[in-house]
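Fold and geometry: a report
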Amino acid sequence: MTISPISLAFEKSKKERRPALLTYTVAGDNTKKKSLEILNSISNYADICEIGFPHNTPIADGGQIQTASYRAIKNGIKMRDVFQIVKEFKKNKNAKPVILMGYYNMICQYGQNKFLKKCKQVGVNGLIVVDLPWPDNINFAKKCRKNSISFVQLLSPTTSKARMKKIISNSHDMLYYISMLSTTGEKLKVSPRNILKNYVKIKKIIKNRKKNLVIGFGITSKNISSFKSSDGCVVGSEICKKISKSIKNRQNPVTNVSNMVKSLKSKIA
Amino acid sequence: MIKIKKNKLLIDQHDKNGFWGKFGGNFIPETLKKPVEDLAILFEKLRKDKKFIRERDYYFKNWVGSPTPFVKLENLTAHLGGAQIWAKVVSEANGGAHKIYNATVHSLIAKRAGKKYIVGDTGAGYAGKMLSMAAKKFGLKCKIFMGAKDIKRQKPNCDAMRKNGAEIVPVYTGSQTLVDAVSECMRYWVSNCLTTSMCVGSTVGPNIFVKICGWSTSQISRELILQIKEEFGEIPKKLKLINCVGGGSSSFGFWNEFMHYNKKQIEFIGVEAGGPKKSKRHAAPLTYGSKIGILHGAAQYVNQNTDGQIEETESISAGLDYPGVSPLHCFLKDVKRARYTAATDEEALKAYQLVTKYENLNPSLEPSHAFAEAIKIAPKLSKDTIIIVNSCGDAQKDRDILRKRLGK
Ligand SMILES: Cc1ncc(COP(=O)(O)O)c(C=O)c1O
C-alpha cells in the first residue's frame, strides 16, 4: 500500500521534531479567487490545509467560522466551486494535502458516491464530517478508504473510553481531538496542561504510531507553543477572524493570513 | 414498505440508529453523543418510573391545568353549514399553548439529572415562555435563544419570559428566526452540556428530543379521547383531526392516541404555513414536496437548495416559520397515515377573523392555519362528520401583527 499524503506530512513534521500545522479556511472566503490565493500562500508554512465547504446551518461552529461561511455563501459559492478551488490549488507544486471539512447534508445532496469520486478527481486527501459521528459514519468511512481518502474521526472530552476504542479501531491515519467542550472559535477554557493530559491518555489507547492525533478548537498564536508535543495543531477561527478584520480594514487578507500562518509555524518549529 | 406497527407507540418505532424509516437519526457533533445518550437513558428509565409519572400527572393536572376544554363551535358550524366543528382548546393550558407539556417534562428530567441550568429555542415565543415558567417553578436557571426578527414580532411572550427571570439571547444569524435560534441553542449546548440541559421546543432535533417532546404533548390526545367518548358515547364514525404543523409537536400530541384507528374513520390533517400568497417562500416542506435533508441533527423533508443549503422561509406565524418538520410527520406522510396541506398568511388571517367573529375563542396565528383548512372543507362535508381543530395557542402574543394586518 502506498503511504497517503496526509501520513507523509506527519512524517515530515516528526522528522523536524515539531507538530504538523493544520490550517482551516473556508472555501470561497471571501471570494473564490482570494481563497485560492490564501491557500497558495499559506502552503509555504502549513503542513495540511483543511478547507471548509460552507453550510448555512452549522450546529458546531462558533461566530468566526459562521461569519466566514456566510460570507462565502453570500458570494455565491457552490459545491462545484469548492471542488474547483481544490483542483486549482492542487496544481500548485507546493500544494499541501487537503482535508475537506463540512456538514453531512451537503454531501448527501451532492450524492455520496458522486461526492467521493469528485474528491478523488480534484485531489482531496481527507474528509471531516462534523455531524456524522461513529457509528453512523462506518459505511461512509469505508467508502472513503476505497477511494484512498482518509476519513478523520473526531474524539471529544465527552467521549467515553469504551467508545473511543471503537472509534479508534475504525479510524484511518488521522484522528482529531476536540480540546474542550466548545464550538469552534471559543477561548481556550481548559489549560493546555490538562488538554495534553487527555491527549497523552488517548495516544496510549491509540498505540499505533501510524495513527496521528491532532488537537483543535481554541488553538491560536497565543497558545500554540504549548502544544508542541502533539502530532499536529489545527488553527481555524483565528485565521477566519484575520480575514474578517482584513476586509474591515481594507487590507489584503492574503498577506495578513500568510503572515499569521508563518508566525504560527515559527512558534512550533 | 414501512408501516406503522400496532403494538407500539410511534415514538418508539425507530431503529437502533434512531430512524423512523428514512427519517430522524442523530447527526450531531461527537461532543453531544454522550449528553444525548445520557438523556436517552434517563428518559427511558423515568418513563417506567411510577413516581416520575405521578409527578408529571400531578403537575399536568394542578399546574398546567388538565383537561383543557373540548367545545363545539356552534355558531361557526351553523355559519358554514356542513360538518360539525369542535375545538380542543389547548390554549387554555397554563401559559396559553401546548408548549407547556414539553417544557414541564424537560424541566422535571433536568431536575432528576441534577442540572441547574436549562436552555431552549423559541419561535413564536411560547416554547420559550413555557420553559421560563417551568424553569422558575422547578428552580432552574433559564436561557432562551430567539431570532431577532421573532423578538420583535412576538413581544408579549418576550415580556413574559423576562418576567419569569429568563435571559433571552437574540440570534442575529441567517433569517433571524426559529431555524437560527435552534442552531444557536444547540451550539450553546455543545459548549455547556455538562452543566446544562437543553429543551428542543418541538418534535425536532436528535432522536431523543423528538421522543421526549412527542411523549409530552401526547397528553392532548389522552385527554381528548376521553372527552370524545364522554361527549359522543363512542368514537364517531367520521372524525377529522386538524392541526397546524410547524415542528409538529402539537399535531403529533393531538393525534397520538388515535394513531391505530383506521384513517377512513379518523383522518389526520396537518396544515403547514404556506407563507404570503404572493411569495415563493413558504414553511411547508411536506405540502410542497421538499427533498430529504439533514437539519438540526435529523433527516427530514426540508426546504433547501440543490447544494444542501437550508432555505429561508416566510410566514406570518413565527411558530410555523421553520424550514424543516418532525421526522415523525415525514414518516406519517410517507405511510400515508396523515394528509398535509398548507394555508397562506391571508387564509390564516381570514380564518382568524371568522372564528373570532362567531366564537368566543381567540386562536393565535398558528392554529388559525388549521382553522383555515377546517373552514375550507367543512361546508362540503356531511353533518355527521366531526371536525376537531386543535386551538393550540392564544392570540394575545399576536396582537401587534393582528392590529397591523386587520386594524384590530
Ligand atoms: C401556538 C403554537 N402553535 C403551533 C406551533 C408550532 O409548533 P408545533 O408544530 O411544534 O406545534 C407553535 C410554535 O411555536 C405555537 O406557538
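A quick note: this is a predicted structure, and the numbers were derived from the prediction, not measured. (Residues numbered from 1 in each chain as written. Chains lettered and ligands numbered in written order. Predicted model: local features only at pLDDT ≥ 70, side-chain atom pairs only at ≥ 80, totals over all residues. Heavy atoms only, no water.)

1. Topic: the overall build of chain B
A count of helices and strands for chain B gives 15 helices and 14 strands. Against the globule reference of 22 Å for 408 residues, chain B gives a C-alpha radius of gyration of 19 Å, in line with a compact fold. With respect to the three principal axes, the spread of C-alpha positions in chain B is 55 × 45 × 45 Å. Considering chain B as a whole, with its 408 residues, one finds that 67% of them fall into the buried category. By sequence separation, contacts in chain B at least 24 residues apart represent 74% of the contacts at least 6 residues apart. Carbon and sulfur atoms make up 51% of the accessible area of chain B, which amounts to about 15,100 Å² in all. Charge centroids of chain B, computed over 63 positive and 40 negative side chains, lie 2 Å from each other. (Helix = DSSP H or I, 4+ residues; strand = E, 2+ residues; numbered from the N terminus. Rg over C-alpha atoms; globule rule 2.2 N^0.38 Å. Buried < 20%, exposed > 50% of the residue type's maximum accessible area, 1.4 Å probe, protein only. Contact = heavy atoms within 4.5 Å. Areas by Shrake-Rupley, 256 points an atom, 1.4 Å probe, with all protein chains shown as cover. Lys, Arg positive; Asp, Glu negative; His and termini not counted. Charge placed at Lys NZ, Arg CZ, Asp CG, Glu CD.)

2. Points about the interface of chain A and chain B
By a frequent convention, interface size equals the accessible area lost on bringing the separate parts together. Contacts between the two partners involve 39 residues from chain A and, on the opposite side, 33 residues from chain B. Considering only the surface of chain A that becomes buried against chain B, Ile59(A), Gln109(A) and Thr158(A) emerge as the three largest contributors, covering 23% of it. Linking chain A to chain B there are two salt bridges. For the salt bridge of Glu30(B) with Arg163(A), the shortest nitrogen-to-oxygen distance reads 2.7 Å. Looking at the side of chain A that touches chain B, the elements that each hand over two or more residues are α3 (63-74), α5 (104-110), β6 (153-155) and α8 (161-169) of chain A. When residues in the side of chain A that touches chain B are grouped by element, the largest group, five residues, is from α5(A). (Buried area = accessible area lost by both parts, 1.4 Å probe. Salt bridge = Lys/Arg side-chain N within 4 Å of Asp/Glu carboxyl O.)

3. With respect to the packing of aromatic side chains
Following the criterion strictly, the structure yields 22 aromatic pairs over all chains and no others. Relative to Tyr110(A), the ring of Phe83(A) has its centre 5.3 Å away and its plane inclined at 65 degrees; by these criteria the two rings are edge-to-face. Of this pair, Phe83(A) sits in helix α4 (residues 79-91) while Tyr110(A) is found in helix α5, placing the two residues 27 residues apart along the sequence. With respect to burial, Phe83(A) and Tyr110(A) carry one shared label: buried. Ring geometry for Phe43(B) versus Trp215(B): centroids 5.2 Å apart, planes at 85 degrees, classification edge-to-face. Placement of Phe43(B) in helix α1 (residues 30-46) and of Trp215(B) in helix α9 (residues 207-217) is noted, with a sequence separation of 172 residues between them. Judged by its relative accessible area of 1%, Phe43(B) falls in the buried class. (Phe/Tyr/Trp six-rings, centres within 6.5 Å; stacked < 30°, edge-to-face > 60°.)

4. A few points about the pattern of salt bridges
Oppositely charged side chains can form a pair if their charged atoms are brought close together. This model, assessed by the stated rule, comprises 38 salt bridges over all chains. A salt bridge links Arg112(B) to Glu55(B), with the nearest nitrogen and oxygen atoms 2.9 Å apart. In this pair, Arg112(B) is assigned in helix α4 (residues 99-112) and Glu55(B) in helix α2 (residues 50-65), connecting sequence segments 57 residues apart. We classify Glu55(B) as partly exposed; its relative accessible area is 25%. A salt bridge links Glu267(B) to Lys240(B), with the shortest nitrogen-to-oxygen separation between them at 2.8 Å. Pair noted here: Glu267(B) is in strand β10 (residues 266-275) and Lys240(B) is in strand β9 (residues 239-244), with a separation of 27 residues, a long-range link. The pair formed by Glu267(B) and Lys240(B) is uniform in burial state, with each residue classed as buried. Each of Lys12(A), Glu16(A), Arg18(A) and Asp47(A) takes part in salt bridges that share partners, so that together they form one network.

5. Structural notes on a positive patch on the surface
All names here are of chain A. Together, Lys161, Lys165, Arg193, Lys197, Lys201 and Lys207 give the surface a local cluster of positive charge. Looking at the positive patch, the elements that each hand over two or more residues are α8 and α9 (192-206). For the positive patch, the element with the highest residue contribution is α9, accounting for three residues. Within the element layout of this structure, Lys165 appears in helix α8. Accessibility expressed as a relative area gives 48% for Lys165, which makes it partly exposed. (Patch = residues over 30% accessible without salt bridge, like charges linked within 9 Å, V, L, I, M, F, W, Y side chains within 5 Å.)

6. Some details on the environment of Gly52(A)
All names here are of chain A. By the secondary structure assignment, Gly52 is in strand β2 (residues 48-52). For Gly52 and Met101, which are 49 residues apart along the polypeptide, the C-alpha to C-alpha distance reads 4.6 Å. In this view, Gly52 contacts Tyr24, Thr25, Val26, Ala27 and Met101; residues no more than four positions away in its chain are not counted.

7. Looking at the domain arrangement of chain B
Residue and element names in this part refer to chain B. According to the domain assignment, chain B consists of domain 1 (20-60 + 98-214) and domain 2 (65-96 + 219-406). The interface of domain 1 with domain 2 comprises 44 residues on the first partner and 52 residues on the second. When domain 1 packs against domain 2, close to 3,700 Å² is buried across both sides, 62% of that on carbon and sulfur atoms. Interface area lost by domain 1 to domain 2 is led by Phe23, His98 and Arg153, which between them contribute 19%. At the surface where domain 1 touches domain 2, the tally comes to two salt bridges. For Arg153, the salt bridge goes to Asp321, with nearest N and O atoms at 2.8 Å. Counting across the interface, domain 1 meets domain 2 through 20 residue pairs in polar contact (both at pLDDT 80 or more). For the side of domain 1 that touches domain 2, the secondary-structure elements that each account for two or more residues are β2 (23-24), α2, α4, α5 (126-137), α6 (148-153), α7 (155-163), α8 (178-192) and α9. Here the side of domain 1 that touches domain 2 takes five residues from α8, the largest share from any one element. Of the residues that constitute the side of domain 1 that touches domain 2, the class distribution is 19 nonpolar, 17 polar and eight charged. (Domains from an automatic or database assignment. Polar contact = N/O pair within 3.5 Å; in protein donor to acceptor, adjacent residues only side chain to side chain. Nonpolar A, V, L, I, M, F, W, Y, C, P; charged D, E, K, R; others polar.)

8. Structural notes on the site of the ligand
Residues and elements named next belong to chain B. The environment of the ligand is made up of 18 residues, and the closest members are Ser202, Gly246, Gly248, Ser249 and Ser250. At 2.5 Å from an oxygen atom of the ligand is found a side-chain nitrogen or oxygen belonging to Ser202. Between Gly248 and the ligand, the recorded distance is 2.7 Å, taken from a backbone N or O atom to an oxygen atom. For the ligand, the accessible surface in isolation is 390 Å², of which the surrounding protein chains cover 98%. In terms of residue class, the shell around the ligand is built from six nonpolar, 10 polar and two charged. (Near = heavy atom within 4 Å.)

9. Concerning the sheet that holds strand β8 (residues 196-199) of chain B
Across a sheet, strands are paired by hydrogen bonds formed along the backbone, either parallel or antiparallel in direction. All names here are of chain B. Overall, parallel pairing links the four strands, which are arranged β7-β6-β5-β8 in an open sheet. At either margin of the open sheet sits one strand with a lone partner, and together these are β7 (167-171) and β8. Across this sheet, the average inter-strand angle for adjacent strands is 25 degrees, counted without regard to direction. Judged from the six bridges that link them, strand β5 (residues 117-122) and strand β6 (residues 141-147) form a sheet pairing that is parallel. Among the inter-strand pairings, Gly120 is bridged to a residue of β6, identified as Ile144. α8 contacts β5, β6, β7 and β8 of the sheet and is inclined by roughly 160 degrees relative to β5. (Pairing = 2+ DSSP bridges. Axes fitted to C-alpha atoms, helices over the stretch in contact; angles between N-to-C directions.)

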